[in-house]
Every structure is written in C-alpha cells, then in structure tokens.
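Reading the structure
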Amino acid sequence: MGLAATLAAVPATAAATSAAPPAAPAVTTGYAAYAGSAEDTKANRAFFEAVMESVAKKRAATPGAQAVTVTYSAANAPSFRTQIARSTQIWNSSVGNVRLVEGSNPDFRYYEGNDSRGSYASTDGHGRGYIFLDYRQNQIYNSTRVTAHETGHVLGLPDHYSGPCSELMSGGGPGPSCQNAVPNSQERSRVDYLWRYGLTQALAKAS
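Here's what I pulled together on the structure shown here. Quick caveat: nothing in here was measured; it's all calculated off a predicted structure.

**Quick look at the packing of helix H2 (residues 81-94) against helix H4 (residues 143-154)**
Packing of H2 against H4 leaves a shortest axis separation of 8 Å and a crossing angle of 55°. Taken together, the axes of H2 and H4 lie oblique to each other. Crossing angle aside, the handedness with which H2 passes H4 is right-handed. On the side of H2, the interface is formed by Gln83, Ile84, Arg86, Ser87, Ile90 and Trp91, while H4 contributes Ser143, Thr144, Thr147, Ala148, Thr151 and Gly152. Partitioned by chemical class, the residues of the contact of H2 with H4 number four nonpolar, seven polar and one charged.

**Some remarks on the environment of Ser116**
With respect to the element layout, Ser116 can be found in the loop between strand E3 (108-113) and strand E4 (120-123). Taking the relative accessible area as the measure of exposure, Ser116 reaches 83% and is therefore exposed. Sequence separation between Ser116 and Gln137 is 21 residues, and the spatial gap between their C-alpha atoms is 9.3 Å.

**A closer look at H4**
Here H4 is 12 residues long and its end C-alpha atoms lie 17 Å apart, about the 16 Å a rise of 1.5 Å per residue gives. Most of H4 is tucked away, with 12 of its 12 residues classed as buried. Ser143, Thr144, Arg145, Val146, Thr147, Ala148, His149, Glu150, Thr151, Gly152, His153 and Val154 are the residues of H4 that are buried. Capping of H4 at its N-terminal end is provided by Asn142; its side-chain oxygen lies 3.1 Å from the backbone amide nitrogen of Thr144. One or two steps after H4, the chain reaches Gly156, where phi turns positive at roughly 110°.

Definitions and cut-offs
Residues numbered from 1 in each chain as written. Predicted model: local features only at pLDDT ≥ 70, side-chain atom pairs only at ≥ 80, totals over all residues. Heavy atoms only, no water. Axes fitted to C-alpha atoms, helices over the stretch in contact; angles between N-to-C directions. Helix = DSSP H or I, 4+ residues; strand = E, 2+ residues; numbered from the N terminus. Parallel < 35°, antiparallel > 145°, perpendicular 65-115°, else oblique. Left-handed = near helix turned anticlockwise from the far one by under 90°. Contact = heavy atoms within 4.5 Å. Nonpolar A, V, L, I, M, F, W, Y, C, P; charged D, E, K, R; others polar. Buried < 20%, exposed > 50% of the residue type's maximum accessible area, 1.4 Å probe, protein only. Expected span 1.5 Å × (residues − 1). Polar contact = N/O pair within 3.5 Å; in protein donor to acceptor, adjacent residues only side chain to side chain.

Right under this line is the structure:
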C-alpha cells in the first residue's frame, strides 16, 4: 500500500511530533555526517525534502499505509532503462518503508545526456526534481551503481565520497573498479528511518 505524489513547491522542514522517534541509526546521523560538498549536500537535501513533503500531503488523506510509494518516469532516459529498473529493484528489495514505482504523474524523472559535472540528482526549488545520467560517467563506472547511487539521493542519502566500495553513496570515490550497486546495512537503515520518522514529521506539518 502506498501513494504516489507530485513534488511540492516548498521543501519540508522538521516538525514536532507527539511521540519522539528513536535515535537514528549509528554513524548515519544526518546530512552533516557525509563528506560531499556543502553545495551538493544542500541540493540533495532539498530534493529529498521536496519529495517527502509532497508525499506527506497525499499520505495524510490515507493514514496507516505501511510503505510510501514514490513514482518515477524513465521515459527521458531510454538508454538507461535497464539500469534504472535494476537500481529501483535493488532499493525496493533493500528497504521496507518506501517503494519506487514507474508510473504517470511522477515524483521525479530520469534524464540522460552529456554534462561535465557527471551524473547528479537535482531540484529547481519549485517542486520539480530529476536525476541526470551522464553518458561518459556511465561508460567509466558501473552504470547500475551510478544509477542506484543517484536514486539514493531521492531517498534522502547524501554523498560520502570517502567511503569504501561497499558503501553505495561513496559513488565514484573508490574508483572505476568498484562494481557494488547495493546499499550497505547502514544506508538501508537510514532510508527506512527517514521514510518512517521523517514522513511522520512531514505529516504533522501537512495536517
């Protein structure tokens, strides 16, 4: 059970709840624990919070669902359809509180092309988000890892380039030889935490 949603125009902020959530999983205590640039961290957080707020507004109409459904479109990234399907399957089998489903009226979209910055996840600050997949980067690095990594930003995980290959959000840090496209246990726990308790806070704000 879950609800698809359209991205909201204003990023969500934490709101007080009647029941305080348990402490976040160890190590991954928040965005500040990750070593990406301040600009990247801000952009990734804004993207996640925009998704979270819009889903919360739709979820408020039907409380009690076990998992939240976040809808995406791969129509503008046909060359990466296989990698996108694999990466969303990886995340869907790794976490329980959020589910990624391809469909209409998407929360975010995948695009493909050439960009000197490589692949990235972004929001324009007005409720529209997307993942851009760069051709060259996907030729150098494991393409499913790249796609799964960028999808991790949608789910709330920032970059941590200094991490090992076993950490999906270390991205290109470990080098092109890294083939891992699966989040580790801490990343999985963090996403489940965010989509359980972060959504609760966003729901409090939306109500």
